[in-house]
Amino acid sequence: MTGVNKRLGLGLVAVLLALVVAGSWPGAARAEESRYFPETGQTVEGRFLRYWLANGGLPVFGYPIGPAQPQLDPETGRTYLTQWFERNRFEYHPELAGTRYEVLLGLLGKDLRREALLTDSSFQRAVPIQLTGVKSLYFMETGHNISSEFLDYWLKNGGLQRFGYPISENRDEIDPETGQAYSMQWFERARFEYHPENKPPFDVLLGLLGNQLKRPTSKIEYTRRLDKTQLYYPTGLAVDAQDNLYVTSTYDFSFKIHKYDSQGRLVLAFARPNKTEDGNLYRPGDLMVDSQGNIYVAELGLLYSTPTAVSILKFDAQGRFLKRWGGYGTGDGQFNQPVGLVSDAANNIYVLDQNNHSVQKFDSEGNFLLKWGSRGSGDGQFQQADGFAIDRQGYLYVADAEGPSNDGPKTPRIQKFDGQGKLLQKWGSGPGAIPLRFGYGSVSFYPSGLAVDAQDNLFILDGNNSRLLKFDRDGVLRSFMGQRGNANGEFNYTNDLVLDSQGNLYASDGAINGVPDLDRVQKFRQR
């Protein structure tokens with residue numbers, strides 16, 4: 001396999017281009033070797049079409065989603081001719097012409113899970129499966145097993161040459177294209193999914209990895225706004241499993257939490273139920289909903305006085321108060337401006353504490369588990385962190401704006417952590433960070449809200465410039481919208497951002513001078 005896995009060198013780029021002109025590459029084929037797909041508006045030709053037909057066609061690779069063209073290989077930094085499909089990427093290797101390896105599949109599994117190879121326990125070397133009655137193969141090269149239905153599929157459909165080695169063990173995982181959980185296993189070139197609802201041979205399907213890497217949504221459009229009369233400086237946003245939206249109003253002195261259905265209709269409003277026993281809810285900030293429907297609210301404390309009322313409050317799905325924990329301070333389980341709340345699949349609660357420059361982790365009953373962070377611009381440190389999000393894999397993202405003072409220029413950055421506080425990746429400035437590349441104008445902005453979708457695209461509310469930004473995982477700006485103003489799709493003083501399961505975005509926007517007409521939550525769709 002050593003010779004097979006070699007990539008096309010940079011020195012052959014000119015050769016590739018010459019082949020395109022001369023008509024001797026996969027896209028310059030006879031008419032009978034060309035097929036147009038109206039479903040995606042793309043054409044497959046020559047060797048790529050022959051490979052597609054001979055190795056499973058539509059069920060295996062899906063439709064083409066782009067033209068054949070030279071592209072840089074992220075694995076080796078070399079360039080070769082490629083064409084993208086819904087489930088994979090074809091690579092043309094003229095140095096292997098005449099062999100069965102002249103068309104190879106891209107290493108999409110590795111491209112998508114490079115971080116997991118270092119940090120996820122399912123991707124670390126395992127021991128051979130030794131269970132009676134279980135058919136399995138163990139690969140010393142990567143330290144992983146293939147067994148049962150996945151092994152049958154691997155052996156019958158090309159094995160090592162088509163899929164590469166396994167890079168993870170079999171486990172349950174959410175498909176980011178559909179939001180459904182399946183038994184999955186990752187390989188160098190593919191992801192296997194087990195669908196017991198299908199009859200063989202369609203009980204094992206390949207993941208839509210090409211879509212995940214090459215078809216990001218590229219336009220954000222205003223949809224509607226919530227009734228402005230119900231909100232007074234809306235701050236925190238959250239969605240539940242049914243895409244109901246929850247909103248806090250920081251300066252609404254009835255201290256209500258509003259709940260809306262996916263059509264924007266108000267279905268519930270509740271405040272603290274027992275003021276005499278447990279005090280008032282002072283300035284509710286961010287909030288979140290766990291998998292059981294419980295609602296957690298960050299209490300910011302009294303304004304213009306010592307913020308003694310700084311807590312996390314827990315309510316049930318009907319708005320009944322359950323418990324609170326915290327208090328003002330710098331110790332474990334204490335807070336000073338808790339501006340962000342998220343939870344993971346195990347219902348652990350993470351709190352972004354802006355003025356203590358830290359993230360704290362609790363179980364669902366408020367028991368302190370751990371914390372990390374300090375003031376600064378180094379790895380794992382925070383200056384003015386104000387955006388907080390978690391993805392479907394349980395990785396945490398913190399948006400921060402560095403600067404010499406509140407009035408000085410800001411250098412935004414985003415840090416990604418696992419649930420134990422280990423830094424995994426960063427975007428923005430500094431050594432090892434992926435640059436945030438705008439392609440226009442200034443990169444100076446203040447991140448007041450943050451969301452992450454299933455393809456690891458980053459959505460940022462830019463408070464400095466009253467706009468909504470979308471970056472891909474490589475830090476490239478994919479879409480932006482908005483400006484300062486009162487019209488639909490414009491912003492005044494942005495606060496929070498959240499995604500629902502359909503990819504719709506909600507942004508909370510407050511009036512700087514307390515003008516009720518400007519307090520609103522706007523909904524945006526992507527296409």
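Note that the structure is predicted; figures quoted are calculated from it, not measured. (Residues numbered from 1 in each chain as written. Predicted model: local features only at pLDDT ≥ 70, side-chain atom pairs only at ≥ 80, totals over all residues. Heavy atoms only, no water.)

Take the overall build of the protein next. Each helix and strand in the protein was counted, giving nine helices and 36 strands. Taking all 527 residues of the protein together, 55% fall into the buried category. Within the protein, contacts between residues at least 6 apart in sequence are counted, and of these 46% link residues at least 24 apart. Counting only carbon and sulfur atoms, one obtains 49% of the accessible surface of the protein, whose full area is about 22,500 Å². (Helix = DSSP H or I, 4+ residues; strand = E, 2+ residues; numbered from the N terminus. Buried < 20%, exposed > 50% of the residue type's maximum accessible area, 1.4 Å probe, protein only. Contact = heavy atoms within 4.5 Å. Areas by Shrake-Rupley, 256 points an atom, 1.4 Å probe, with all protein chains shown as cover.)

Most of strand β34 (residues 493-499) is tucked away: six of the seven residues are buried. Direction of pairing for β34 relative to strand β35 (residues 505-510): antiparallel, over a ladder of five bridges. Paired with L499 across the bridge in β35 is L505. Connecting the antiparallel pair β34 and β35 is a turn made up of five residues, with G503 showing a positive phi of about 85°. (Pairing = 2+ DSSP bridges.)

A few words now on the pattern of salt bridges. Scanning the entire structure with this criterion turns up 15 salt bridges. Among the ionic pairs, R50 bridges to E33, the shortest N-O distance being 2.3 Å. One end of the pair, R50, is in helix α2 (residues 46-54); the other, E33, is in the loop between α1 (13-22) and β1 (34-37), with 17 residues separating them in the sequence. Judged by its relative accessible area of 15%, E33 is buried. (Salt bridge = Lys/Arg side-chain N within 4 Å of Asp/Glu carboxyl O.)

Our next topic: the environment of Y246. With respect to the helices, strands and loops of the structure, Y246 is situated in strand β15 (residues 245-249). Placed eleven residues apart in sequence, Y246 and I257 show a C-alpha to C-alpha distance of 6.9 Å. For Y246, the contacting residues outside a window of four places in its chain are G236, L237, A238, D240, H258, K259, L287, V289 and I295. A polar contact is formed between the side chain of Y246 and the side chain of D240, at a distance of 2.9 Å. (Polar contact = N/O pair within 3.5 Å; in protein donor to acceptor, adjacent residues only side chain to side chain.)

The next thing to look at is the sheet that holds strand β24 (residues 358-362). In spatial order, the strands read β22-β23-β24-β25; together these four strands make up an open sheet with antiparallel pairing. Of all strands in the sheet, those bounded by a partner on one side alone are β22 (338-343) and β25 (368-372). Neighbouring strand axes in the sheet, compared pairwise and without regard to direction, differ in orientation by 20° on average. For β22 and strand β23 (residues 349-353), the ladder comprises five bridges, and the chain directions are antiparallel. Its bridge partner being in β23, G340 is matched across the sheet by L352. (Axes fitted to C-alpha atoms, helices over the stretch in contact; angles between N-to-C directions.)

Below, the discussion takes up the pairing of strand β14 (residues 234-239). In terms of burial, β14 is largely enclosed, as six of its six residues are buried. Here four bridges tie β14 to β15, and the two strands are oriented antiparallel to one another. Counterpart to A238 in the pairing with β15 is Y246. Hairpin connection between β14 and β15: a loop of five residues separates the two successive antiparallel strands, and D243 in this loop has a positive phi of roughly 65°.

Moving on: the nonpolar core. If you look at the biggest cluster of nonpolar residues, it comprises 28 residues, and the most contacted ones within it are F61, F90, F163 and F192. Looking at this core, the elements that each hand over two or more residues are α2, α3 (57-61), β5 (89-92), β6 (103-105), α6 (148-156) and β12 (204-206). Once residues lying within four places of it in the same chain are set aside, the contact partners of F90 are F48, Y51, W52, F61, L81, T82, Q83, F85, V103, L104 and L105. (Core = buried A, V, L, I, M, F, W, Y, C linked by side-chain atoms within 4.5 Å.)

We now examine unusual backbone geometry. Backbone torsion omega between P200 and P201 reads 5°, so that peptide bond is classified as cis. Phi is positive for D243, which is not a glycine, with a value near 65°. You can see D243 is positioned in the loop between β14 and β15. Despite not being glycine, D456 has its phi angle at roughly 65°, a positive value. Positionally, D456 belongs in the loop between β30 (447-452) and β31 (458-462).

Right, let's talk about the sheet that holds β30 for a bit. Read from one edge of the open sheet, four strands run β30-β31-β32-β33, paired in antiparallel fashion. Of all strands in the sheet, those with a lone pairing partner are β30 and β33 (477-481), marking the two edges. Adjacent strand axes in the sheet meet at a mean angle of 20°, parallel and antiparallel pairs treated alike. Note: β30 against β31, five bridges, orientation antiparallel. Directly across from V452, in β31, lies its bridge partner L458.

This next bit is on the environment of R527. In this structure, R527 sits in the segment after β36 (520-526). Among the residues examined, R527 registers a relative accessible area of 54% and is labelled exposed. Placed 24 residues apart in sequence, R527 and G503 show a C-alpha to C-alpha distance of 9.5 Å.

Under the definition given, this model contains 23 aromatic pairs. Ring plane angle 50° and centroid distance 5.6 Å describe the contact between W325 and F362, whose orientation is recorded as tilted. Of this pair, W325 sits in strand β21 (residues 321-326) while F362 sits in strand β24, and the two are 37 residues apart along the sequence. Assigned by exposure class, W325 and F362 land together as buried. In textbook terms, an aromatic cluster arises when at least three aromatic residues are bridged by ring pairs, as seen for F48, Y51, F61, F85 and F90. (Phe/Tyr/Trp six-rings, centres within 6.5 Å; stacked < 30°, edge-to-face > 60°.)

Along α6, the residues classified as buried are F150, L151, Y153 and W154. An end-on view of α6 places all buried positions within 165° of arc, on one side of the element. Within two residues after α6, G158 carries a phi angle of roughly 115°, on the positive side. (Arc of directions from axis to C-beta.)

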